[in-house]
Amino acid sequence: FGVGNLDTFACPESTATVGESGDSWLVTCSKGGSDENVRYDVVGIETLQIGGKAVETLHVRTTTEVSGETYGTNTVDAWVLPGTPLIVQRIQDSTTTSQSRIGPVEYHEEYRLRLRSIYPEGGSG
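Positions within a chain are numbered from 1, following the residues in the order the chain's sequence is written. A pLDDT threshold of at least 70 governs which residues receive local features in this predicted model, and a stricter bar of 80 or more applies before side-chain atom pairs are shown or counted, although totals over entire chains, interfaces and linings include all residues. Excluded from the side-chain calculation are hydrogens and water; included are all heavy atoms of the structure.

> Lay out the side chain of Gln89 with the relevant residues and their values.
Locating Gln89 in the fold gives a position in strand β5 (residues 87–100). Exposure classes here rest on a 1.4 Å probe applied to the protein chains alone. A residue is buried below 20% of its type maximum, exposed above 50%, and partly exposed in between. Exposure remark for Gln89: the relative accessible area of 4% places this residue in the buried category. We call two N or O atoms a polar contact when they sit within 3.5 Å, provided that within protein one can donate a hydrogen and the other can accept it, with sequence-adjacent residues counted only if both atoms are side-chain atoms. Of the polar contacts made by the side chain of Gln89, one reaches the side chain of Arg112; its length is 2.9 Å. Each residue touching Gln89, except ones within four places of it in the same chain, is listed here: Leu48, Asp77, Ala78, Trp79, Arg112, Leu113 and Arg114. Put simply, DSSP marks the helices as runs of H or I at least four residues long and the strands as runs of E at least two long, and each gets a number from the N terminus on. Only heavy atoms matter for contacts: two residues are in contact if any of them lie within 4.5 Å across the pair.

> Give a detailed account of the packing of aromatic side chains, specifying residues and quantitative values.
Between 30 and 60 degrees the pair is tilted, below 30 it is stacked and above 60 it is edge-to-face, where a pair is any two Phe, Tyr or Trp rings, Trp via its six-membered ring, whose centres lie within 6.5 Å. Scanning the model with the defined rule gives one aromatic pair in all. An angle of 10° between the planes, with centres 5.2 Å apart, marks the rings of Trp25 and Tyr40 as stacked. Within this pair, whereas Trp25 is found in strand β1 (residues 24–31), its partner Tyr40 is found in strand β2 (residues 34–50), the two being separated by 15 residues in sequence. Among the residues examined, Tyr40 registers a relative accessible area of 13% and is labelled buried.

> Tell me about the pairing of β2, residues and numbers included.
Strand pairing follows a simple DSSP-based rule, namely that at least 2 bridges must link the two strands. Looking at chain direction, β1 and β2 are connected through eight bridges and run antiparallel. Pairing of Ser30 across the sheet is with Asp35, part of β2. Linking β1 back to β2 in an antiparallel pair, the connection comprises two residues, with Gly32 at a positive phi of about 40°. Of the strand pairs in this sheet, β2 and strand β3 (residues 53–68) are connected by 16 bridges, and their pairing is antiparallel.

> Can you break down the nonpolar core residue by residue, with the values?
Membership of the largest hydrophobic core is limited to eight residues, which are Val27, Cys29, Val38, Tyr40, Val42, Leu58, Val60 and Val80. Of all the secondary-structure elements, those providing two or more residues to this core are β1, β2 and β3. For this core, the element with the most residues is β2, which contributes three residues. Grouped together as the second largest cluster of nonpolar side chains are five residues, Leu48, Ile50, Trp79 and Val88 included. For the purposes of this section, nonpolar cores are sets of buried Ala, Val, Leu, Ile, Met, Phe, Trp, Tyr and Cys residues that join through side-chain atoms within 4.5 Å.

> Which residues make up the sheet that holds strand β6 (residues 103–114), and what values go with them?
Spatial strand order, β1-β2-β3-β4-β5-β6: six strands in an open sheet with antiparallel pairing. Unpaired on one side and paired on the other, β1 and β6 mark the two borders of the sheet. On average, adjacent strands in this sheet sit at an angle of 15° to one another, irrespective of strand direction. To obtain an axis, a line is fitted to C-alpha atoms, over the contacting stretch when the element is a helix, and the angle between two such axes runs from 0 to 180 degrees between their N-to-C directions.

> Requested: an account of the side chain of Thr62, with residues and values cited.
Examined against the element boundaries, Thr62 turns out to sit in strand β3. Look past the residues within four positions of Thr62 in its chain and what remains in contact with it is Val38, Arg39, Tyr40, Asn74, Thr75 and Val76.

Written as structure tokens, this is what we have:
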């Protein structure tokens with residue numbers, strides 16, 4: 001407590017904004033005594049209702065296995081506007097354990113983010 005975790009993982013750029021259902025690839029990231037094996041799977045094109053409008057999105061699932069001094073799993077489902085980095089919806093479920101001065105500390109995070117509109121406030125598209 002009171003001590004920030006400033007760990008930085010070195011990873012190649014890998015965010016998908018284009019792809020077809022069934023596309024997948026693996027990426028390995030590392031920092032100090034931990035590694036992340038990241039699998040990206042393109043689920044496919046899905047239509048979401050955002051601000052009362054049907055929006056075509058690309059759904060990509062990222063599954064991460066962390067091993068070493070820090071270990072655990074992380075799953076992220078992201079729906080992006082195809083061909084752009086705009087995240088329309090994102091759902092994450094992550095549990096990791098890290099070693100600390102007081103012993104192992106488990107961290108769990110779950111959240112869901114969803115745009116209210118794909119247009120800036122006051123815009124109508």
